[in-house]
Amino acid sequence: MGAIGVIAVNAFRESLRDKILYNLVLFAGLLIGLSVLLADLSITEHHKVIADMGLAAINLIGVIIAMFVGISLVNKEIERRTIYTIMARPISRSFFILGKYFGLALTLLVNMSVMLAVFLLTLWLYHVPIEPSLFQAVQLMFVEILVVTAIALFFSTFTSSTLSAIFTLGLYVIGHLTADLRAMVANSEGGIGKAVVDLLYYLCPNLEMLNIKGQAAVGVAAAPEYMILASLYGVLYAGVLLTGACLVFQRRDF
Amino acid sequence: MDDIVTEDLSKSYPSGWPGRPPFVALDGLSLTVRRGEIFGFLGPNGAGKTTTLKILLGLVRATSGRALLLGEPAGDVATRRRIGFLPESPYFYDYLTAEEFLGFYGQLAGLSRAVTTQRVDELLQLVGLGEARTRQLRKFSKGMLQRIGLAQALIHDPELVILDEPMTGLDPVGRKQVRDLILSLRDRGKTVFFSTHILHDVEMICDRVGIVMKGRLVANGRVDELVRQDHIQSVEIVCQHIKTEGNTLIHSLATRVLQQGQQCLIVLPSPDAVDTLVGEIRRQGGRLLSVTPHKASLEDLFFHEAAQAASRVPAHVISGRAS
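Residues numbered from 1 in each chain as written. Chains lettered and ligands numbered in written order. Predicted model: local features only at pLDDT ≥ 70, side-chain atom pairs only at ≥ 80, totals over all residues. Heavy atoms only, no water.

What follows concerns the overall build of chain A. Along the backbone of chain A there are 10 helices and 0 strands. For chain A, the sequential pattern of α-helices and β-strands runs α-α-α-α-α-α-α-α-α-α. Taken against the 2.2 N^0.38 rule, which gives 18 Å for 254 residues, the C-alpha radius of gyration of chain A at 20 Å falls within 12% of a compact globule. Looking at chain A residue by residue over its 254 residues, the buried ones come to 49%. Sequence separation of at least 24 residues holds for 80% of the intrachain contacts in chain A that already meet a minimum separation of 6. Per element, the accessible surface of chain A, about 11700 Å² overall, is 72% carbon and sulfur. Looking at chain A, you have 15 positive and 15 negative side-chain charges, and the mean spots of the two groups are 17 Å apart. (Helix = DSSP H or I, 4+ residues; strand = E, 2+ residues; numbered from the N terminus. Rg over C-alpha atoms; globule rule 2.2 N^0.38 Å. Buried < 20%, exposed > 50% of the residue type's maximum accessible area, 1.4 Å probe, protein only. Contact = heavy atoms within 4.5 Å. Areas by Shrake-Rupley, 256 points an atom, 1.4 Å probe, with all protein chains shown as cover. Lys, Arg positive; Asp, Glu negative; His and termini not counted. Charge placed at Lys NZ, Arg CZ, Asp CG, Glu CD.)

With that settled, consider the packing of aromatic side chains. Here the distance between the centres and the angle between the planes together describe a pair of aromatic rings. The final tally for this structure, using the stated rule, is 16 aromatic pairs over all chains. Measuring from ring centre to ring centre gives 5.7 Å for Tyr101(A) and Phe102(A), while their planes differ by 70°; the resulting arrangement is edge-to-face. Between the NZ or CZ atom of Lys11(B) and the centre of the ring of Tyr13(B), over which it lies, the distance is 5.0 Å. (Phe/Tyr/Trp six-rings, centres within 6.5 Å; stacked < 30°, edge-to-face > 60°. Lys NZ or Arg CZ within 6 Å of the ring centre and 35° of its normal.)

Within the secondary structure layout, Ser156(A) lies in helix α6 (residues 132–156). Non-local contacts of Ser156(A), meaning those with residues more than four positions away in its chain, are made with Gly70(A), Ile71(A), Val74(A), Asn75(A), Ser164(A) and Arg252(A).

This brings us to the nonpolar core. Ranked by size, the top nonpolar core spans 158 residues in total, and within it Ile86(A), Ile148(B) and Phe193(B) carry the most contacts. No other element matches the 17 residues that α6(A) contributes to this core. Once residues lying within four places of it in the same chain are set aside, the contact partners of Ile148(B) are Phe92(B), Ala98(B), Phe101(B), Leu102(B), Leu124(B), Leu129(B), Leu137(B) and Phe140(B). Among the nonpolar cores identified, the runner-up in size contains 15 residues, and Ile237(B), Cys239(B), Ala273(B) and Val274(B) belong to it. (Core = buried A, V, L, I, M, F, W, Y, C linked by side-chain atoms within 4.5 Å.)

This part takes up a nonpolar patch on the surface. All names here are of chain A. A cluster of nonpolar side chains, Leu121, Trp124, Leu125, Tyr126, Ile130 and Phe135, forms an exposed patch at the surface whose accessible area comes to about 650 Å². For the nonpolar patch, the leading source of residues is helix α5 (residues 93–125), giving 3 residues. Position of Leu125 relative to the elements: it lies in helix α5. (Patch = residues over 30% accessible without salt bridge, like charges linked within 9 Å, V, L, I, M, F, W, Y side chains within 5 Å. Salt bridge = Lys/Arg side-chain N within 4 Å of Asp/Glu carboxyl O.)

Once that is clear, we can look at the sheet that holds strand β13 (residues 263–268) of chain B. All names here are of chain B. As summarised here, the arrangement of the 4 strands in space is β12-β13-β11-β14, forming an open sheet in which the pairing is antiparallel. The sheet is open, and its two borders are formed by β12 (256–260) and β14 (287–295), each paired with just one other strand. Mean inter-strand twist for the sheet, computed between neighbouring axes without regard to direction, equals 15°. Contacts from helix α9 (residues 274–283) reach β11 (232–240), β13 and β14, with the element oriented near 5° to β11. (Pairing = 2+ DSSP bridges. Axes fitted to C-alpha atoms, helices over the stretch in contact; angles between N-to-C directions.)

Turning to the confidence of the model for chain B, a few remarks are in order. Residue and element names in this part refer to chain B. Taken residue by residue, chain B gives an average pLDDT of 87. The fraction at 70 or more is 95%. Ranking the elements of chain B by mean pLDDT puts helix α10 (residues 298–310) last, at 76, and strand β7 (residues 160–164) first, at 95. Note on residues 313–323: pLDDT is under 50 here. Beyond four places in sequence and across chains, it has 25 contacts. Model confidence for the complex is summarised by a pTM of 0.82, with the ipTM given as 0.82. (pLDDT = per-residue confidence, 0-100.)

Our next topic: the sheet that holds strand β4 (residues 64–69) of chain B. Residues and elements named next belong to chain B. Sheet architecture is open: 4 strands sit in the order β2-β1-β4-β5, paired in antiparallel fashion. The two strands at the open ends of the sheet, each matched to only one other strand, are β2 (23–34) and β5 (72–73). Judged from the 2 bridges that link them, β4 and β5 form a sheet pairing that is antiparallel. In the sheet register, Leu68 faces β5, and the bridge partner there is Pro73. Helix α1 (residues 49–57) rests against β1 (2–13), β2 and β4 of the sheet, and its axis sits at about 115° to β1.

This paragraph deals with helix α2 (residues 98–108) of chain B. Where burial is concerned, most of α2(B) is hidden: 8 out of the 11 residues are buried. Listed in full, the buried residues belonging to α2(B) are Ala98(B), Phe101(B), Leu102(B), Gly103(B), Phe104(B), Tyr105(B), Gly106(B) and Leu108(B). Buried residues along α2(B) sit against α1 (3–16) and α4 (82–87) of chain A together with α3 (113–126) and α4 (142–154) of chain B. Among the residues trailing α2(B), Gly110(B) stands out with phi positive, at a value near 90°.

Rendered as structure tokens:
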């Protein structure tokens, strides 16, 4: 196993032994269960409410884990000084960053798989049809979470945990709003406002592109081309951020 | 052959405020550590010891100067395969068991699974943690953490071992074990470079020492060369039944006079005045109990250099003794 693999497996093992993640996944299970109660309260569209709530719970918990564990991935190593003995080994700093990232990605994959299993079980118990669109939605959610993890990791290579959290949360919110903002200023006559929105649109991740929960909940599948394009976009965006994280981390003093 | 060479190594950190001078952590440090020797790197807290070690390991970049380890520039990734490092007050992944922990570092060093398993067994026995192999590190005492830290530094059988305050937090038995371990490393041809402020350990095991004060190397060489142990620094005389109060002869000879009841302790700055003082004691009809010469020690040198640094005398390298 290469150095990236050794670090990734260790990061995965660390999260497996962290009780907080179990609690979050349990919380997701509760939220999915709650969707059944809410569906009972609604007059129509029981199936849609359960599917909607379930997908939202998986998304929410996935993003929380990606954001907060992503932020602490590097900062915790520096604050606890465990980085000293790692960096004294024959591995490059980039391999360390990539190993930590893939370790968390593996953790998120396992967590999302568990949440998806609970979700599918709930759907099955309440006779909600299990449409392929639900799997598409979860696939793009995972891509979104990979992007959020990369954002958190990028900021944590040069700022404190608190600032990383603020920046990551900010970029996450902007990432879901840029498309709407751009649409709003599309018909304006230019000026600074339009230029700023255009800049934000191209610089910030278009996370709304990865959000197909609404249509998935009513069983409308996305075109395969869209799935490929959106997934590629997310992976490339994460790749650019990881490259930036590696470059910044190369120059950092411990 | 020198395993560590630093030439005019400096490190400064910006103050963060415009107009304020940067904080200088290291100021033109030049030293060499020869292959197969134990080199003690001494200095008070904040002198620049850890900064030097961090530069050597590539954890921190020097502002100027250069450092070579095993003939390669400090921070070279491939060279780290031949180096073992124990940081000061190590904090490790406390969710790992002792054997998982060593296995992790073995794999990071590029060892095969089979070799790692074998080395884990050997090192757990070597540092006396064979019984605790399946225990998580969060349940380890400070001394046990220090020992498992040493084991991780040695897991890949490095040629050069760099230890930052390896005796910190250890009881006398633990300290002796670490000393013996360091000596056994030298016997196997390894080079050991360790920082400490425990002077006793340095005097006992080091071939050479370097003393760093305020980021500058102020002394460097063999312990016996540095402290000139044939040189008597002071003489303590203990006697009874003499009157020291108002005795101008005694007070003019002594640097310190302590009268406790019938017994009196007199400290002379050199052996030259011993005969005169003994004559005075006899003249008064007193009884001489002991005459103890005090030779210079590393501690004396250390405190001398610390005083020099504190008084902000321009830093220097002790003439004729430093590299």
